[in-house]
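Architecture at a glance
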Amino acid sequence: MKQLDVNKVRRVLDDHIGSKVIVKANRGRHKYEITKGVISETYPSIFLIKLDDSENSSVQTVSYSYTDILTKDVRLALC
């Protein structure tokens, strides 16, 4: 993986802070977790997504690394 690829992913996510996304995260053994959330913050190595949990009326924050996007362990789709 090149550093340029990671920087490109970071720039794209910086441009979409506050946007609603659908997150499909690979949890191993062909299991995927699909949730909705909002891109809240970006940092040099990770980014944060606030997940909407309408059942419990609570908000969770999860973090992913930019390499998760490049390796396709996490996939994001804008809403």
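The present account deals with the structure reproduced in this document. (Residues numbered from 1 in each chain as written. Predicted model: local features only at pLDDT ≥ 70, side-chain atom pairs only at ≥ 80, totals over all residues. Heavy atoms only, no water.)

Across its full length, the protein carries two helices and five strands. In the protein, the succession of helices and strands from N to C terminus is α-β-β-β-β-α-β. Principal axes of the C-alpha set define a box for the protein whose edges measure 40 × 30 × 20 Å. Looking at the protein residue by residue over its 79 residues, the buried ones come to 25%. For the protein, the accessible area works out to roughly 5,700 Å², and carbon and sulfur atoms hold 49% of it. (Helix = DSSP H or I, 4+ residues; strand = E, 2+ residues; numbered from the N terminus. Buried < 20%, exposed > 50% of the residue type's maximum accessible area, 1.4 Å probe, protein only. Areas by Shrake-Rupley, 256 points an atom, 1.4 Å probe, with all protein chains shown as cover.)

Among the nonpolar cores identified, the biggest contains 13 residues, and Leu-13, Val-23, Phe-47, Ile-49, Tyr-64 and Tyr-66 are the most heavily contacted of them. At the level of elements, helix H1 (3-15), strand S1 (20-26) and strand S3 (46-53) are the ones that each hand at least two residues to this core. Residues contacting Phe-47, with those up to four places away along its chain left out, are Leu-13, Glu-41, Thr-42, Val-62, Ser-63, Tyr-64, Ser-65, Tyr-66, Ile-69 and Leu-76. (Core = buried A, V, L, I, M, F, W, Y, C linked by side-chain atoms within 4.5 Å. Contact = heavy atoms within 4.5 Å.)

Okay, the packing of aromatic side chains next. A full pass over the atoms with the stated rule returns two aromatic pairs. Residues Phe-47 and Tyr-64 carry aromatic rings whose centres are separated by 6.0 Å and whose planes lie at 45° to one another, so their mutual orientation is tilted. You can see Phe-47 sitting in strand S3 and its partner Tyr-64 sitting in strand S4 (residues 58-65), a full 17 residues away along the chain. For the pair shown, Phe-47 and Tyr-64 are each scored as buried. Ring pairing ties together the aromatic residues Phe-47, Tyr-64 and Tyr-66, which thus form one cluster. Seen from the ring of Tyr-32, Lys-24 lies directly overhead, with NZ or CZ sitting 4.7 Å from the centre. (Phe/Tyr/Trp six-rings, centres within 6.5 Å; stacked < 30°, edge-to-face > 60°. Lys NZ or Arg CZ within 6 Å of the ring centre and 35° of its normal.)

Strand direction decides the pairing type here: S1 and strand S2 (residues 32-42), joined by seven bridges, are antiparallel. By the bridge assignment for S2, Lys-20 is matched with Val-38. Between the end of S1 and the start of S2, which pair antiparallel, lie five residues, with Gly-28 showing a positive phi angle near 90°. Of the strand pairs in this sheet, S2 and S3 are connected by five bridges, and their pairing is antiparallel. Within the sheet, the bridge partner assigned to Val-38 lies in S3 and is Lys-50. Counting the residues that bridge the hairpin from S2 to S3 gives three residues. (Pairing = 2+ DSSP bridges.)

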